[in-house]
Each structure stands twice: as C-alpha cells, then as structure tokens.
Amino acid sequence: LIKTAAQMGYFINQMESGVTFEGKYIKLANDLDLSNYRWTLNNTSASFNGTFDGGCYTLTISNTLFNKVDTSATVQKLNLNLSDNFEGYCGLTNTNCGLIQLVCVRGNIPPEGGTTRSRAGLLVGDNYSGTVKYCSAIGNASAKGNDVSSYAGMVAYLGDPYSVYYTPEEYLDMQESTSGTYVGI
C-alpha cells in the first residue's frame, strides 16, 4: 500500500534497480504529487511485472512512471497528471506488453522538455502486443529531433509494420491531397 510520496519514490527506485514486483499487488492509497520528485529511467531493461492498482487516485508526475509494463503486468484505475515540468516522452510507460485499463492521463509533453525523442504519447510510447482499454488521454504530445516518427494523444507507436506515421508536414500534405468527396460502399 503506497500512502506517501516517499513510499512512491521508494517504489520507483526499486523498479529502477531491477525489482520487477512479479506477482505482487501494489495499490495507491492517496492522491500524490511527485512533480518535484526527480527520477530517470536509466535502466532500459527494468520492467514491471506485477499489478499496480491506482485505486482511482491521482498521481502527478514529472517523468515517465514505468520503463516497461511487461506481459504479466496490469496497471489499472489510475488518474495520471503530467506536471508542468514533465520531462518524459510518454506519461505512463515507455513500452507496454501487458494490460493497461481504466487509466486517464492529463497534461502535455512539450517538444522542449526531456531529451530528443522520435515518439511521444501521453499514455504509452511503444505498444508491443499489450492491451490498452477503457483509457483516455487529454492534452498534447510533441516529439522533437531529426527522426520524428510519431506523436499521438494516447499511444505513439503500435509496434507493427502496418501502421503509418507522418511528420506534421507530411500529414498536412496527405490531408490536402486526399480532401474531397468519396462515394462507395
């Protein structure tokens, strides 16, 4: 049971050090403001394998919460606010392979915040065989750099060869070239 910002900070540090919480049930017991708490997701192999139940509470964060929500993980019933000084490229997780449900993200990912990134999504950066259901994202996500491949409100990348992503300029060109009236089945 996580009741304080200090306990949440400890949980984040444990994940960063490689603790997966496999088979563990973690529940948020209060609204918590971590907007002044700084952490970095340097351990790119760190993954969460348990259940994180937000209990319908609100967590305000300044960086991406999870590096990876793994195949046996569930993140649910969480309101996530991105602070004005947010520095990640996505709100909840860089990579989703598990189940994310009943999560609402509010805030903005500005192009000037954080590091150069090719993708930006308010909820998920890359979704590889994961499930996202009954979620919402309110705000804007912006990517920056020379290799901007996608930016989206909820999920930036679907991890499949069939999705097509456009730069803002390519999207406008595509919109202009395909405008008109279409008739058919």
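Let's shift gears to the side chain of Ser83. Inspection of the secondary structure assignment puts Ser83 in the loop between strand E5 (74–82) and strand E6 (93–96). Polar side-chain contacts of Ser83 include one of 2.4 Å to the side chain of Asn85. Discounting residues that sit within four places of it in the chain, Ser83 has contacts with Ser35, Thr60, Ile61 and Ser62.

On to the confidence of the model for the chain, then. Looking at the chain as a whole, its pLDDT mean stands at 81, while 72% of the residues score no less than 70. Across the chain, element-level confidence peaks in strand E1 (residues 25–27) with a mean pLDDT of 98 and bottoms out in strand E12 (residues 150–152) with 56.

You can see Asn94 is positioned in strand E6. Overall, the relative accessible area of 11% leaves Asn94 in the buried class. At 3.1 Å, the side chain of Asn94 and the side chain of Asn67 are in polar contact.

Our focus in this paragraph is the pattern of salt bridges. Per the counting criterion, the structure on display carries 2 salt bridges. Between Asp53 and Lys77 there is a salt bridge, with its nearest N and O atoms 3.7 Å apart. Linking Asp53 in strand E3 (residues 51–61) with Lys77 in strand E5, this pair joins segments that are 24 residues apart in sequence. Taking relative accessible area as the criterion, Lys77 reaches 30% and is therefore assigned partly exposed. The residue Lys68 makes a salt bridge to Asp70 at a minimum N-O spacing of 3.8 Å. Its relative accessible area of 26% is what places Lys68 among the partly exposed residues.

The phi torsion at Lys77 lies on the positive side, around 50°, for a residue other than glycine. Positive phi is not limited to glycine here, since Leu102 has a value of about 55°. Inspection of the secondary structure puts Leu102 in strand E7 (residues 99–109). Given the relative accessible area of 44%, Leu102 is considered partly exposed.

Per the counting criterion, the structure on display carries 7 aromatic pairs. Measuring from centroid to centroid gives 5.9 Å for Phe11 and Phe48, while their planes differ by 80°, and the two rings are edge-to-face. Here Phe11, found in helix H1 (residues 5–16), pairs with Phe48, found in the loop between strand E2 (32–33) and E3; they are 37 residues apart in sequence, far enough to count as distant. Accessibility assignment for this pair places Phe11 and Phe48 in one class, buried. According to the relative accessible area criterion, Phe11 is buried, its value standing at 4%.

Criteria and cut-off values
Residues numbered from 1 in each chain as written. Predicted model: local features only at pLDDT ≥ 70, side-chain atom pairs only at ≥ 80, totals over all residues. Heavy atoms only, no water. Helix = DSSP H or I, 4+ residues; strand = E, 2+ residues; numbered from the N terminus. Polar contact = N/O pair within 3.5 Å; in protein donor to acceptor, adjacent residues only side chain to side chain. Contact = heavy atoms within 4.5 Å. pLDDT = per-residue confidence, 0-100. Buried < 20%, exposed > 50% of the residue type's maximum accessible area, 1.4 Å probe, protein only. Salt bridge = Lys/Arg side-chain N within 4 Å of Asp/Glu carboxyl O. Phe/Tyr/Trp six-rings, centres within 6.5 Å; stacked < 30°, edge-to-face > 60°.

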